[in-house]
Structures are given as structure tokens and as C-alpha cells.
2 protein chains.
Amino acid sequence: MCYVQAQALYDFTAVSGNNELSIQEGETLTVINWNVGGGWVEAQNSKGQTGLVPEDYIQVRKNIVIIHILSKIHINFFSKAPNPEVYLLSKHLPKQTDRLPIYMGEVGPVWLYPQSQLDCVVADPKKGSKMYGLKSYIEYQITPNSTNRPVNHRYKHFDWLYERLTEKFGCALPIPSLPDKQVTGRFEDEFIKMRMERLQAWMSRMCRHPVVSNSDVFQLFLTYKDEKDWKEGKRKAEKDETAGVMIFSYMDPEVPDLEPTEVEQRYETYSRFTRSMDDGVKDLHSVSHLHWKRCTGPLQKEYRHIGKALQNLSSVFNTSGYQGEATLTEALMTTGKIYEEIAEIVAGQPKKDLHYLMETNNEYKGLLGCFPDIIGAAIEKVKDADRLVAMNKIAPQDKHNMAKNLSTMSYAFQAEMNHFHSNRIYDYNRVMQFYLQEQVKFYETIAEKLKQALSQYTNL
Amino acid sequence: MCYVQAQALYDFTAVSGNNELSIQEGETLTVINWNVGGGWVEAQNSKGQTGLVPEDYIQVRKNIVIIHILSKIHINFFSKAPNPEVYLLSKHLPKQTDRLPIYMGEVGPVWLYPQSQLDCVVADPKKGSKMYGLKSYIEYQITPNSTNRPVNHRYKHFDWLYERLTEKFGCALPIPSLPDKQVTGRFEDEFIKMRMERLQAWMSRMCRHPVVSNSDVFQLFLTYKDEKDWKEGKRKAEKDETAGVMIFSYMDPEVPDLEPTEVEQRYETYSRFTRSMDDGVKDLHSVSHLHWKRCTGPLQKEYRHIGKALQNLSSVFNTSGYQGEATLTEALMTTGKIYEEIAEIVAGQPKKDLHYLMETNNEYKGLLGCFPDIIGAAIEKVKDADRLVAMNKIAPQDKHNMAKNLSTMSYAFQAEMNHFHSNRIYDYNRVMQFYLQEQVKFYETIAEKLKQALSQYTNL
């Protein structure tokens, strides 16, 4: 994990009982958790005290990053690149049960999509407790559109589902991480709301995926009948041996095989794309983040100051004792108050629109970060096949098999990329539209407020 | 003069021949002239090189101000508080020629206002030269509405007029300073435009003043017939002996005398007002200045970055090779370009509206800074009169005279304050209206631009 040093920009006084940490302008802090959400981060001061501080109140020190321990992300990343050999050399035809067909669609290879798309609603977070109230937790209600019957799950069940999906499909499909676990302040309304929103986004994305949504484990999660059913299903899922690279043995492209050179070409195109999209979303994230901070920090402050300065001038003018002063002083006072309102509008806006753009962007950052990379290794293996045949390590038939299996892997990747692209276009189109709509409203609201102020002045 | 240390916020490369100074981020500079205008200041680097740098590129270091030499302003300030005794003890009745009557108006004591208000247009700056082209200068054309006949004046003539008005009226009326002289870059269009605008504002303010505008020297400046007329008038004006406190001997309040205690009360009310207005305009100036810097600096930069990030994402999406991508990539590209346009709009806006608010505010800062303060000294003298009578230094009749003359001074101040108030209400009403109108347009323009971007996306 990277621990980053930051500097407090303003004083902040903790509210007791909220896991907050008081900080003083200029103080050096170590950020220990960036993913608290809701505009908060968890930080530690030089005395070793930890707690939540508003993200906007601190500024990361450039060039002072302390590499602490290897991050969990890196471990995941390595575990996702296992040896493709065991699958490449396998000879069996695709299994007929649980078979995952790949068709040639208008846009290229595609998964088999269901007639009606699965979706679900995550709602109604409720505090539950176990062990006579010693342990408490939040339970969410999930209602799939297939049954319309709600089921309850705690975060740890989502986490269990995530582990199963990663084991089973992780070699072929990007399974995005769940919203982060968090210990401090996890019963605060703001946090619960944010986590629910992110679980909803995660579930919707999984529901939209034809392979994931059709799997037994995912269906179990959404539609188990009772506690017994859930427990039995859990046990069965945990015993599922179709994990890692062997997922490809279920895949059945109903299209002619691809030559390894073609596979390599397409792989390079996709890698290039995911890499540059990764840069693109990071860039957008960083400008959005800065914009958020500016709106809630200096800009809000500045509009407040303008408001105060005008109200102050109005008060001064009011003491002139001159007749005929009232209209101007009242107009200035109104204008000043309106600038204070604008300050609040400006500070509150990112939560209303930028938030969703950043969440979508963040989801894609996550997806790109867990895109399976096994095909690169598989290509190298197949390139090496001639040498292995010459050395009598594999039979010529094995080489043929490897190429065929590589072709299947490539089709799976292409189907997945096409799924990714169609979702990406849908998601960015929707979120940009929403963002711009809200921004238009935002600027129109400010214009309207200023018109109100303007109407207070005398027309000379 | 106060020389202020500043730090360069960004690199700036001088354009040669423009009197500019190259600076590097982090470099320490001494600002030697804040009043260059047009967003420039004159600075000196540690090597002693001087030149113009953009105001937005530097930040004043807090708490590091080097007091260098006594400022001209201070010298002026002291010269404006001469001994009132010579007038207070004078016995003659107000002169009948050049008499300056003061009436009781609706708002209290007022000057005699002319039937039609004088105004003039300062326009058409032209480069002239003398001494076979060795010395060149800018000549402005000034056309008063009284004659509609243009006269030409150089800056040094305005300066001459300012000196005469200060000598003649400075004890009773605030004569605001002219826009600053500047040596470097004085033939640059931007500078000439700014100076003309400020000379216009100064002339209009002088025209609006019933006492100033009616004076011989001011009329000479606006309506001289030819070079001979001008030179004769100049000589005469320079010989005018009605300077300093004796200006009060021309004042003739057509109202009952005020008791010294009443004079003191009113004086205190006015002083309190001018002091607190001085604080108010300084406060408004500093928030406006900060807002200007933010709009032309970080905000512009940020909108540009948002624009670039969106265009970048569009370019990346464009490489996906996925069908049906075009609408989104074009929409993102348009949105990105529109954010770049918004960056320019944001950066250009202060010049369009905040500029005028700041100019008006600045004029008032100047006026408040030169408000005559002689009455305070006069009040003290009159309070001391009893003692002087007891010591046989003055006659009882002198004491009576002093009180009567103090009353005249008070009426003059009251008439001037009322003139100031009515102008202030007019000016602030007008400039706030203009500012808000432009701000409404500004926000509406941005909303309109974003609507344009929004229309590019597919409605799903």
C-alpha cells in the first residue's frame, strides 16, 4: 500500500463520536485510506492519532510518497496471470453443459445475450445484529427483475460472491472489485448511502454481463429461497472446480478458427486500447478531482467573500445618513446574500453531477485494472510450440490443439471487448448527458439568481 | 513608497521590445509599480533587471513589505493639512466675485449646481512629436458638451490641471489623483486605451463637480481657443493666489451658522463614514482582485484541462475499432472543445465586467484617500479660543469670528459630502447593474454552450 503524505490546508475541528480527526493548517498528515468516500479520507497525524478528515482540507505533497507494503491490488494482479499451458494443451471439445457459446454478431464475436436483461435493485439498508447484539452489520435488500422477490445480503456475502466470480471467470472476464471495506464510521448514513450506491452499480454491471448473470452462483445470490437453500448453494459453489484458465474449455465459438498471427494482432489492438483508455480515465479522474476540490474549497470561499464584501459595503453605505440611500443599500445587501447562496450552490454542485461522472469513470478505471492478461502469455506459448515439437516435448497434434485453443481464447476476449465497448458507449453517453444537463441547470440557476439581484437596482 | 516582494507563480518569457521581464516560477521579485494597468505590473528581479510582468503570474509574499522611502501620497497628505488659523481668524465677508454659495437642499447643505451638467468626451489618442521627432508623446482630444469643440491635451497638461485644482481647491474638496504616469511601454495600445479610459473617468468626475467645473482654470482647459489663449490662461492660473485654506473665504452659506459642538458632531459622523467606506472599498478591491486572478489563472487552466481530458478520451474511444462509436466520440470531442471555449470565456470575463466595478471602486478609494482633513484641526483651534482670549492673544470678537468661519467650513464639508454621496449612489448603482447584467449574460452563455454540447449525445 502507498501511504501518501499530505498537508492540511485549513483548520478542521473534529466532531466527537464521528471518528473525525482535528487538524491544523500546515500540519503534516499521512493518508491511510483514500477510499472512505463521501468526501472524507482517513488520516494519521504526527502523534499517531487517526481519524476522518475532509478530503478538501488536505493537499498531497508532491514527490513525497512512502512505499509501505505491497498493495493487495498487486497481489490480485499477479494471481490473475496464471499459466495458460494447462488449458492450451487440453484436447477435449467444449463441454455441452454450461457451454458458453460465442457468435458472430454485427460488431464481431459476441456472447449469447439473454432475451430479457437481468437487473436488480439494491435498497433498504437495515442494521442487523448477531450474537445477542455484540456484532452488528448492515443488511441490504436486493430485488432482481426476474423474480421480483427480494433477498437480503450483508456486505460479506457480496464479498463472497466476488471471490467466487473471480475464481471462476477471472481469467476470461474482468470482475471489478467491490467498493472498499471500511471499518471506521461504517454506520454513518453518508457512508451507507455511498456503499449502497456502489453495490448497486456493481450488481447492475454483473447483471448486464451475459456470462456472469447466467451463472449458478450469481443466480443463487439473487434468487435463493431460504436460508437452507442459500447454505446448500454456497457449499456447492465453493466446490466448483471450473476455476482459472479452464473456464475457456466451456467456450464454444461458432466461427472459423483464427490463425495465431491474427490472434496476436487483435490482442495488440485491444491492449493498446485498454492501456490508453486507462490513461484517459485517470486523466479525467484527476481533473475532476481537482475541480471538485476547487468548487468545494477556494471557489466557495471566494463567492462567500464577494457576498460578504458587498453586504459590508451595503452596511457602510447605510450609515451615511444621506437620503435616498435605501434602494442601493438594499440592492447591495440582496446581491451579497445571493453571492453567498451561489457559494453554497457552487460547493454543492459536484455532489449532484460530477459525482456520477467520477463514479462511472472510477468503475471503468477498476474494470481496466482487472482486465485479464492471460492471452499474452498464451500467445508466447504458442509461438514456442515449434521448438517444443522439435524437442519432442509435445506432439505436432498438440501444436494444432494449442492454436485452436488460442483461437477460442481470442474469441472470448473479443466477445468480452465487444461487451465492454457496448457498455462503455452506453455508460459514458448516459453519464455525460446527465452531467451536462445538470451543468446547464447549474449555470441557469446562477443566472436566474443574479437576475433577481439585478432587478433590485434602480434603472437610471 | 512601499516596495513589495512577490513570488513568481509561473514561468513567463518576455517578448523583446515590449519592456517585459522574463521570470521563472518560484523566483523572488520586487514590485516597483502596481499601477501599470492592463493586468501588468513593473517588477525588478534579484539581478536588478526591471520590466513588465503579468499581474496574474506573481503572488505577493505575506508579511514581507519593505518600507522604502516616504511616499508621494504621504507628502501630499501632509500638505493638505495646513494650518487653518489664517482663515479662521480672517474677518472679511465672502467675496462677491467668484463667490461659492451653499444652499439648504432636500438632503442638507448643497453646492450651487448648474442648469445643465457639463461633461466631456476624451477620445482619439494620437502620437505627436516635438524637437524634430526626438521626443514623442500622446495627445488626446477632449470635447466638452458645452461648446462641442474639441481641444487637444497631452498627459502633462492634465497633470498641470491637477496641480492647479489641488492648490486651489484641495483644502475643501477631494481632488482625485490622475492615472499614474508610466515610462515603460507607454505607447502600447493596451496602455493607451487604459489611460484614456481613466482620464475620461477623471474628467467626467471633475465635470460633474459644480465648484471645479465652474472654475476659470477648468474652463480654460476645456475651451481654450488657440495656443495663445492657452498660454495666457496658463500664466494667469499659475498666478492665482486663492490657494490653500483661503478658498473658504469665497464660500457663502445662505443658512444659519452652526455651533462648534454641532460642527464637531457632524465632522465625526463624516469621518466615521469615510473611514469605514475606505475599509469597505479596500475589502471589495481585494476580493475582486483575487477573483480576477482566479478566473484568468487556475480556473481558465482547469476548464482547459477538463476540455483536454474529454477530447483525449474521445480520441482514445475513437481507436476502439468498435462500430457505433462515432456519435459518442464526436459528442465528447465537441464537449471538450466547448470546455476550452468556456476556459477562454471565463478568463476574458473579468475584463468585460469586473474591470469596471474595480475601476469605480478604485476611483472611490482614491477620492477617500484625498478627502481634506483640515476641519479636524480647525475644530481644535476653536476649542482653544477661550484660552487664547483669556491670555489676551486674541480678542473676544476673534473668537466669534472663528466660530462663524468654522461654521462655513462645516457647511462646505457638508455640501461636499452630499455631493459625494449623490455621486456615490449613482456610480455604484450604475456599475453594479452593469456588472450583474454582464454576469447574467456570462452564465447564460455558458449554459447555452453546454446545451449545444448536450444536444450531441444520443437520447437513449
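Above: the structure in question.
Just so you know, these numbers come straight off a predicted model, no measurement behind them. (Residues numbered from 1 in each chain as written. Chains lettered and ligands numbered in written order. Predicted model: local features only at pLDDT ≥ 70, side-chain atom pairs only at ≥ 80, totals over all residues. Heavy atoms only, no water.)

1. Section: the sheet that holds strand E11 (residues 251-253) of chain B
All names here are of chain B. Inclusion rule: One requirement defines pairing of two strands: DSSP has to find at least two bridges between them. Only DSSP runs of H or I with at least four residues qualify as helices, and only runs of E with at least two residues qualify as strands; both kinds are numbered from the N terminus onward. Every axis in this analysis is a line fitted to C-alpha atoms, fitted for helices over the stretch in contact. Angles between the N-to-C directions lie between 0 and 180 degrees. Contact criterion: two residues are considered in contact whenever any of their non-hydrogen atoms come within 4.5 Å of each other.
Strands sit in the order E7-E6-E11 across an open sheet of three strands; the sheet is mixed. A strand with exactly one partner marks an edge of an open sheet, and here the two such strands are strand E7 (108-111) and E11. Adjacent strand axes in the sheet meet at a mean angle of 30 degrees, parallel and antiparallel pairs treated alike. Of the pairings in the sheet, the one linking strand E6 (residues 100-105) to E11 comprises three bridges and is parallel in character. Counted as the bridge partner of Pro 101 is Asp 252 from E11. Strand contacts of helix H13 (residues 396-454): E6, E7 and E11, with the helix running at about 80 degrees to E7, the strand carrying the most contacts.

2. Examining the pattern of salt bridges
The criterion, for reference: Note on definitions: salt bridges are taken to be side-chain nitrogens of Lys or Arg within 4 Å of carboxyl oxygens of Asp or Glu. Throughout, exposure labels follow a simple rule: accessible area from a 1.4 Å probe, protein chains only, divided by the maximum for the residue type, with under 20% read as buried, over 50% as exposed, and the rest as partly exposed.
This structure, assessed with the given rule, holds 57 salt bridges over all chains. The salt bridge partner of Glu363(A) is Arg205(A), with a shortest N-O separation of 2.7 Å. Taken together, the positions of Glu363(A) in helix H10 (residues 354-369) and Arg205(A) in helix H4 (residues 189-208) put the pair 158 residues apart, joining distant regions of the chain. Glu363(A) sits in the partly exposed class, given a relative accessible area of 23%. Close ionic contact of Glu264(B) with Lys383(B) constitutes a salt bridge, the shortest N to O distance being 2.9 Å. Separated by 119 residues along the polypeptide, Glu264(B) in helix H8 (residues 260-318) and Lys383(B) in helix H11 (residues 374-383) bring together distant segments of the chain. Salt bridges sharing common partners tie together Arg205(A), Arg208(A), Glu363(A), Asp427(A) and Arg430(A).

3. Focus: the environment of Glu330(B)
Residue and element names in this part refer to chain B. Positionally, Glu 330 belongs in helix H9 (residues 326-352). Owing to a relative accessible area of 52%, Glu 330 belongs among the exposed residues under this scheme. Each C-alpha atom of the pair Glu 330 and His 153 lies 57 Å from the other, and the pair is 177 residues apart in sequence.

4. Observations regarding the relation of the copies chain A and chain B
Where we set the bar: Alignment of copies: least-squares fit on C-alpha atoms of residues with pLDDT of at least 70 in both copies.
Laying chain A over chain B is done by rotating through 180 degrees and shifting 0.1 Å along the axis; what remains is an RMSD of 0.2 Å. Seen this way, the second copy is the image of the first under a two-fold rotation axis. Identified as the residue of chain A closest to the rotation axis by C-alpha distance is Tyr443(A), at 2.7 Å. Taken as a fraction of all interface residues of chain A, those also at the interface in chain B reach 98%, which identifies the copy contact as same-surface.

5. A closer look at the side chain of Gln439(B)
As for its placement among the helices and strands, Gln439(B) is situated in helix H13. Filtering out sequence-adjacent residues up to four positions away, Gln439(B) remains in contact with Tyr339(A), Leu450(A), Gln349(B) and Asp353(B).

6. Structural notes on the nonpolar core
The criterion, for reference: Here the nonpolar core consists of buried residues drawn from Ala, Val, Leu, Ile, Met, Phe, Trp, Tyr and Cys, with membership extended through side-chain atoms lying within 4.5 Å.
Ranked by size, the top nonpolar core spans 98 residues in total, and within it Met277(A) and Met277(B) carry the most contacts. Within the residue set of this core, elements represented by two or more residues are helix H8 (260-318), helix H9 (326-352), H10 and helix H13 (396-454) of chain A together with H8, H9, helix H10 (354-369) and H13 of chain B. Residue contacts for Met277(A): discarding those within four places in its chain leaves Tyr364(A), Leu368(A), Phe420(A), Arg424(A), Tyr428(A), Val316(B) and Phe317(B).

7. Quick notes on the sheet that holds strand E7 (residues 108-111) of chain A
Residue and element names in this part refer to chain A. The sheet built from three strands is open, its strands ordered E7-E6-E11 with mixed pairing. The open sheet has two edge strands with one neighbour each: E7 and strand E11 (251-253). When the angles between neighbouring strand axes are averaged without regard to direction, this sheet yields 30 degrees. Examined bridge by bridge, strand E6 (residues 100-105) and E7 share four bridges and lie antiparallel to one another. By the bridge assignment, Met 104 is partnered in E7 with Pro 109. Helix-sheet contacts for H13 involve E6, E7 and E11, and the interaxial angle to E7 is about 80 degrees.

8. Focus: the packing of aromatic side chains
Note the cut-off: Only centres within 6.5 Å qualify two rings of Phe, Tyr or Trp (six-membered ring in Trp) as a pair; their planes then separate them into stacked at under 30 degrees, edge-to-face at over 60, and tilted for everything else. Here, over-ring charges are defined by two tests on the NZ atom of lysine or the CZ atom of arginine: distance to the ring centre within 6 Å, and angle to the ring normal within 35 degrees.
Following the criterion strictly, the structure yields 29 aromatic pairs over all chains and no others. Here Phe248(B) and Phe413(B) contribute two aromatic rings whose centre-to-centre distance is 6.2 Å and whose plane-to-plane angle is 50 degrees, an arrangement assigned as tilted. Taken as a pair, Phe248(B) in the loop between helix H7 (227-239) and E11 and Phe413(B) in helix H13 lie far apart in primary sequence, 165 residues in all. Across the pair, Phe413(B) and Phe248(B) agree in class, each one buried. Ring centres of Phe371(B) and Phe420(B) lie 5.3 Å apart, and the angle between their planes is 85 degrees; on these two criteria the pair is classed as edge-to-face. Remark: Phe420(B) occurs in helix H13 and Phe371(B) occurs in the loop between H10 and H11; sequence separation between them is 49 residues. Across the pair, Phe420(B) and Phe371(B) agree in class, each one buried. Here the aromatic residues Tyr140(A), Phe158(A), Trp160(A), Phe221(A), Tyr224(A) and Trp230(A) are joined through ring pairs into a cluster of three or more. In this structure, Arg154(A) is placed above the aromatic ring of Tyr137(A), and the distance from its NZ or CZ to the ring centre is 3.8 Å. Sitting above the plane of the Tyr155(A) ring, Arg195(A) keeps its charged end 3.8 Å from the centroid.

Scope: geometric values only; no functional claims are made or implied.
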